[in-house]
Amino acid sequence: MRKFASFFKLERIFLIIMFEKETYIRRREELKRLVGSGLVLLFGNNEAPANYPANGYAPFRQDSSFLYYFGQHRDTLVGVIDVDNNQEMLIGDDIDIEDIVWMGFVPSVSDLAAQVGVNKTAPMKELQAIIKKAQDEKRQIHFLPPYRHDTKIIIMDLLGIHPSKQKESASLPLIKAVVKMRATKEPQEIEAIERACDVGYAMHTTAQLLIKPGVTERFIGGQVDGIARSLAQGVSFATIFSQHGEIMHGNPSDAPLEAGRLALCDAGCELDDYCSDNTRTMPVSGKFSQKQLEIYSIVEQCHDYVLQVAKPGVKYADVHFAVCRLMTDKLKELGLMKGDTEEAVRAGAHAMFLPHGLGHMMGMDVHDMEGLGQIYVGFDEETHPNLEQFGTNCLRMGRKLEEGFVVTDEPGIYFIPHLIDLWREEGHCKEFLNFDLLETYKDFGGIRIEDDLLITKDGCRFLGSKRIPYHPAELEDFMNKN
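Since the model is a prediction, treat every value here as computed from it, not as a measurement.

Definitions and cut-offs
Residues numbered from 1 in each chain as written. Predicted model: local features only at pLDDT ≥ 70, side-chain atom pairs only at ≥ 80, totals over all residues. Heavy atoms only, no water. Pairing = 2+ DSSP bridges. Helix = DSSP H or I, 4+ residues; strand = E, 2+ residues; numbered from the N terminus. Contact = heavy atoms within 4.5 Å. Axes fitted to C-alpha atoms, helices over the stretch in contact; angles between N-to-C directions. Salt bridge = Lys/Arg side-chain N within 4 Å of Asp/Glu carboxyl O. Buried < 20%, exposed > 50% of the residue type's maximum accessible area, 1.4 Å probe, protein only. Phe/Tyr/Trp six-rings, centres within 6.5 Å; stacked < 30°, edge-to-face > 60°. Lys NZ or Arg CZ within 6 Å of the ring centre and 35° of its normal. Parallel < 35°, antiparallel > 145°, perpendicular 65-115°, else oblique. Left-handed = near helix turned anticlockwise from the far one by under 90°. Nonpolar A, V, L, I, M, F, W, Y, C, P; charged D, E, K, R; others polar. Core = buried A, V, L, I, M, F, W, Y, C linked by side-chain atoms within 4.5 Å. Patch = residues over 30% accessible without salt bridge, like charges linked within 9 Å, V, L, I, M, F, W, Y side chains within 5 Å. Areas by Shrake-Rupley, 256 points an atom, 1.4 Å probe, with all protein chains shown as cover. Polar contact = N/O pair within 3.5 Å; in protein donor to acceptor, adjacent residues only side chain to side chain. Expected span 1.5 Å × (residues − 1). Arc of directions from axis to C-beta.

Bringing the sheet that holds strand S7 (residues 87-91) into the picture now. On the basis of which strands lie adjacent, the open sheet formed by five strands has the order S8-S7-S6-S3-S9 and mixed pairing. Pairing within the sheet leaves two strands with one partner each, and these edge strands are strand S8 (121-122) and strand S9 (141-143). Direction of pairing for strand S6 (residues 78-82) relative to S7: antiparallel, over a ladder of five bridges. When the bridges of S7 are listed, Asp82 appears paired with Gln87. In this fold helix H6 (residues 149-159) packs onto strand S3 (39-43) and S9, with an angle of close to 150° to the strand it touches most, S3.

This structure, assessed with the given rule, holds 35 salt bridges. Residue Asp75 is joined to Arg74 by a salt bridge in which the shortest nitrogen-to-oxygen separation is 4.0 Å. Both residues of the pair, Asp75 and Arg74, belong to the buried class. Between Asp82 and Arg139 there is a salt bridge; the shortest N-O distance is 2.8 Å. With Asp82 in strand S6 and Arg139 in the loop between helix H5 (127-136) and S9, this residue pair connects regions lying 57 residues apart in the sequence. On the accessibility criterion, Asp82 (10% relative accessible area) is buried. Residues joined in a network through salt bridges with shared partners are Arg61, Arg182, Lys185, Glu270, Asp365 and Asp368.

In this section: the environment of Gly348. Looking at where Gly348 falls in the secondary structure, it is placed in the loop between helix H13 (341-347) and helix H14 (374-377). Discounting chain neighbours no more than four positions away, the residues touching Gly348 are Gln389, Trp423 and Cys429.

With that out of the way, let us pick up the packing of aromatic side chains. Scanning the entire structure with this criterion turns up nine aromatic pairs. When the ring of Phe415 is compared with that of Tyr441, the centres are 4.7 Å apart and the planes differ by 20°; the resulting orientation is stacked. Here Tyr441 lies in the loop between helix H16 (435-439) and strand S18 (446-448) and Phe415 lies in the loop between strand S17 (412-414) and helix H15 (417-426), a separation of 26 residues in the sequence. Overall, the relative accessible area of 1% leaves Phe415 in the buried class. A relative accessible area of 5% means that Tyr441 is categorised as buried. Between the aromatic rings of Tyr441 and Phe444, the centroid separation amounts to 5.9 Å while the plane-to-plane angle is 40°, which identifies the pairing as tilted. Joined through ring pairs, the aromatic side chains of Phe353, Phe415, Tyr441 and Phe444 make up one cluster. Arg27 extends its terminal NZ or CZ atom over the ring of Tyr68, reaching a point 3.8 Å from the ring centre. Residue placement shows Arg28 over the ring face of Phe70; its charged tip is 5.2 Å from the ring centre.

Backbone hydrogen bonds hold the strands of a sheet together, and the pairing may be parallel or antiparallel. Spatially, the three strands line up as an open sheet ordered S11-S12-S15, and their pairing is antiparallel. Sheet topology places strand S11 (240-242) and strand S15 (278-283) at the edges, where each strand pairs with a single neighbour. Strand-to-strand twist of the sheet, defined as the mean angle between neighbouring strand axes without regard to direction, takes the value 10°. Across six bridges, the pairing between strand S12 (residues 262-267) and S15 is antiparallel. In the strand pairing of S15, Ala263 is matched with Met282.

Another aspect to go through is the pairing of S15. Residues in a regular strand point their side chains to alternate faces of the sheet. Where burial is concerned, most of S15 is hidden: six out of the six residues are buried. Here S15 shows two buried faces, one formed by Asn278, Arg280 and Met282 and the other by Thr279, Thr281 and Pro283.

Here we come to the packing of helix H9 (residues 187-210) against helix H10 (residues 217-231). Each pair of packed helices can be summarised by the angle the axes make with each other and by the distance between the axes. Running from N to C, H9 and H10 point in directions that differ by 155°, and their axes come no closer than 9 Å. The angle between the axes of H9 and H10 places the two elements in the roughly antiparallel class. Where H9 crosses over H10, the handedness of that crossing is right-handed. From H9, Val199, Ala202, Met203, Thr206, Ala207 and Leu210 reach across to H10, where they touch Phe219, Ile220, Gln223, Val224, Ile227, Ala228 and Leu231. Per-class residue counts for the contact of H9 with H10 are 11 nonpolar, two polar and no charged.

Another point: the nonpolar core. In a soluble, globular protein the nonpolar side chains are often hidden away together inside. Formed by 138 residues in total, the largest nonpolar core has its most connected members in Leu31, Tyr316 and Phe353. With eight residues, the single largest contributor to this core is H9. Excluding anything up to four places from it in sequence, Tyr316 contacts Val306, Ala310, Leu358, Gly359, Met397, Gly398, Arg399, Leu401, Val407, Thr408, Asp409 and Leu453.

What follows deals with a nonpolar patch on the surface. A contiguous nonpolar surface patch, about 410 Å² in accessible area, is contributed by Ile97, Val101 and Trp102. For Ile97, the position within the fold is in helix H3 (residues 97-103).

Before going further, it helps to spend a moment on the side chain of Arg139. Arg139 gets classed as buried once you look at its relative accessible area, which sits at 17%. Among the polar contacts made by the side chain of Arg139, one reaches the side chain of Asp82 at a distance of 2.8 Å. At 3.1 Å, the side chain of Arg139 forms a polar contact with the side chain of Glu137. Leaving out residues up to four positions away in the same chain, Arg139 has contacts with Gly38, Leu39, Asp82, Asp84, Asn85 and Ala134.

The first and last C-alpha atoms of H10 sit 22 Å apart over 15 residues, in line with the 21 Å expected at 1.5 Å per residue. Within H10, the full set of buried residues consists of Glu217, Ile220, Gly221, Val224 and Ala228. An end-on view of H10 places all buried positions within 105° of arc, on one side of the element. Set apart from the buried face of H10 by more than 90 degrees, the exposed residues are Arg229 and Ser230. Buried-residue contacts for H10 involve H9, strand S10 (234-235), S11, S12 and strand S13 (269-271).

In this section: the environment of Tyr470. For Tyr470, the location among the structural elements is in the loop between strand S20 (460-462) and helix H17 (472-479). Apart from residues lying up to four places away in sequence, Tyr470 is in contact with Arg280, Tyr296, Glu300, His303, Asp304, Ile449, Asp451 and Leu475. At 3.4 Å, the side chain of Tyr470 and the side chain of His471 are in polar contact.

This is the structure:
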């Protein structure tokens, strides 16, 4: 059985599924064991004004780590875990009648605490005294790297640490403990991601059916966002929909879709606090040209190849470079690359076409836990980031895979005119690249295919009960069915 808690803002009331309170009790117990000692502060988020105080960004989004351990979606809360004394507390002020008039009834802080198995609460004004007592006792105060400026100001007021120093002052034991716990998804978390992926299916298939010459990028992007808002909490990141697929984060413009071009849609939703993230690339005319199909088929093969090689014990960096070698081999067959494949990949020549990593962790955040420090999330004692080589420096996930990890599988091939010009002028990797042929692809755009991958006991599988069409014939048939 799952428990339901009402999301408290009146203008966006809906039901958020919480896990049973035993889940949060168990998680906090494990966190105490991993951290070992000290006082843990987990800051929930505050409302964020968009353009004046009463007009906040909607919907409200709680901090993911606070949600993971305390499960509540109300703003202006702080979770306190006293590891040494085995005590837990939810800090926050009850909502008064003025707020209730505008926002509707909100349970008391003590009621919210009881829902997640916390038996002690206090108003916000007492937090300073709680922290001072721990400081007087020379105990370590643990907090995670803050990413919102209001939280940074609160930390400065409470701990006297300037915002410019807070990232380096954040607790490494707490960061490592949270990453260890959140990286491995529980069965109920996987179920939540599956539900989000099913909404992702509706988002992407809606886009595929709407794509026609003359329809604007903004219209289709808005329809995709509308599905996420109608069937889920909203999008998990700003929707990317563009005919300029070579721009990694191309937001929808007012440009009408043009016959003969490709449209790339990278979109996901957040449902029950967990995310989906998929990408599909479609021919605006409903049918790939031969040139488009040649490149698309390479990306398709790279995408599917990951299913064969990703499994527990394998480094995702090794999966990434296995995909890069496959891509290089296939681009050599088209004449776009040349020379020895191993040497080309070692030199980073493939980054002309794939300037990003194969994927990233995904869960409560679409780039899961990225704010805690990518070196802790995506790498481990055996695998370290290469920050020097173009393309490889954007590898977000390189560590050894474990059962229960959820990662994205998102190879792509992009033709970026300015990058082609720069490398040609510099002679960079000229022994591996056919610049004359590359010139003829400058108006091509880009292709990416992305799905969400669960690492299982013996291998891996894609998440979601339905696969968004992406095999060329299947995709063309789907787009032209109405």
